[in-house]
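Geometric and topological summary
One-letter residues, chain by chain:
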Amino acid sequence: QVHLVESGGGLVQAGGSLRLSCAASGLTFSTYAMGWFRQAPGKEREFVAAISSSGDSTSVADSVKGRFTISRDNTKNTVYLQMNILKPEDTAVYSCAADMTYDRSNYVSARGQAYDYWGQGTQVTVSS
């Protein structure tokens, strides 16, 4: 079975930082693009950031650009989301997802439907 397990969420004051991790197993990690999505209460799931299977290409949502950075370590089967200057509106459940990209080593997608596997999510709460 494929498992994606997020960690690193928690409660943080506005302006603070958190680093989320997503550990993958049961798949050939280096062949998957990885993405982070979030869902706030009463809201639709939204794209946050994604990184290509090679790590050479990234995409970051405008709402978090300049504050969030996505990275991956293919030797550890782990993708990270460094979140800085957190705002209360960043409060959400953050989920990682894996997208099999085949020959497209530079490919990333902001579309949730493109992703094949999803983690259970980790709660991030930013207090004001």
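Before reading on, note that the structure itself is shown above.
Conventions adopted
Each chain carries its own residue numbering, running from 1 in the written order of its sequence. Under the rules for a predicted model, residues below a pLDDT of 70 receive no local features and side-chain atom pairs below 80 are neither given nor counted, while totals for whole chains, interfaces and linings still include all residues. Hydrogens and water are ignored here; the side-chain numbers use all heavy atoms of the structure. Secondary structure follows DSSP: runs of H or I at least 4 residues long count as helices, runs of E at least 2 residues long count as strands, and numbering of each begins at the N terminus. Distance and chemistry together define a polar contact, namely a pair of N or O atoms within 3.5 Å, with one atom able to donate a hydrogen and the other to accept it when in protein, and with adjacent residues in sequence counting only for side-chain atoms on both sides. The contact criterion used throughout is that any non-hydrogen atoms of two residues lie within 4.5 Å. Any cysteine sulfur atom paired with another within 2.5 Å is treated as part of a disulfide. Buried residues are those whose accessible area, probed at 1.4 Å on protein chains only, stays under 20% of the maximum for their type, while exposed residues exceed 50% and partly exposed ones sit between those limits. The salt bridge criterion pairs a side-chain nitrogen of Lys or Arg with a carboxyl oxygen of Asp or Glu, the two atoms within 4 Å.

So, the side chain of Thr122
Inspection of the secondary structure puts Thr122 in strand β11 (residues 122-127). For Thr122, the side chain forms a polar contact with the main-chain nitrogen of Gly9, separated by 3.3 Å. Once residues lying within four places of it in the same chain are set aside, the contact partners of Thr122 are Glu6, Ser7, Gly8, Gly9, Leu20, Ala92, Val93 and Tyr94.

Points about the state of the cysteines
As enumerated under the stated definition, the model contains one disulfide in all. Disulfide pairing is shown between Cys22 and Cys96; the S-S distance is 1.8 Å. Every disulfide takes its handedness from the sign of the S-S torsion; for Cys22 and Cys96 that torsion is 45 degrees, giving right-handed. Separated by 74 residues along the polypeptide, Cys22 in strand β3 (residues 18-25) and Cys96 in strand β9 (residues 92-100) bring together distant segments of the chain. Residue class for Cys96 comes out buried when judged on its relative accessible area of 0%.

Description of the environment of Arg19
Within the fold, Arg19 resides in strand β3. Separated by 49 residues in sequence, Arg19 and Phe68 have C-alpha atoms that sit 9.4 Å apart. Among residues more than four places away in sequence, those in contact with Arg19 are Ser7, Gly8, Tyr80, Leu81 and Gln82.

Looking at the pattern of salt bridges
One pass over the full model with this rule turns up four salt bridges. The closest approach of N and O atoms between Glu46 and Arg38, which form a salt bridge, is 2.7 Å. Here Glu46 falls in the partly exposed class, since its relative accessible area comes to 35%. The buried category is assigned to Arg38, whose relative accessible area is 5%. Residue Asp90 pairs with Arg38 through a salt bridge whose shortest N-O separation is 2.9 Å. With Asp90 in the loop between β8 (78-83) and β9 and Arg38 in strand β4 (residues 32-39), this residue pair connects regions lying 52 residues apart in the sequence. Among the residues examined, Asp90 registers a relative accessible area of 1% and is labelled buried.

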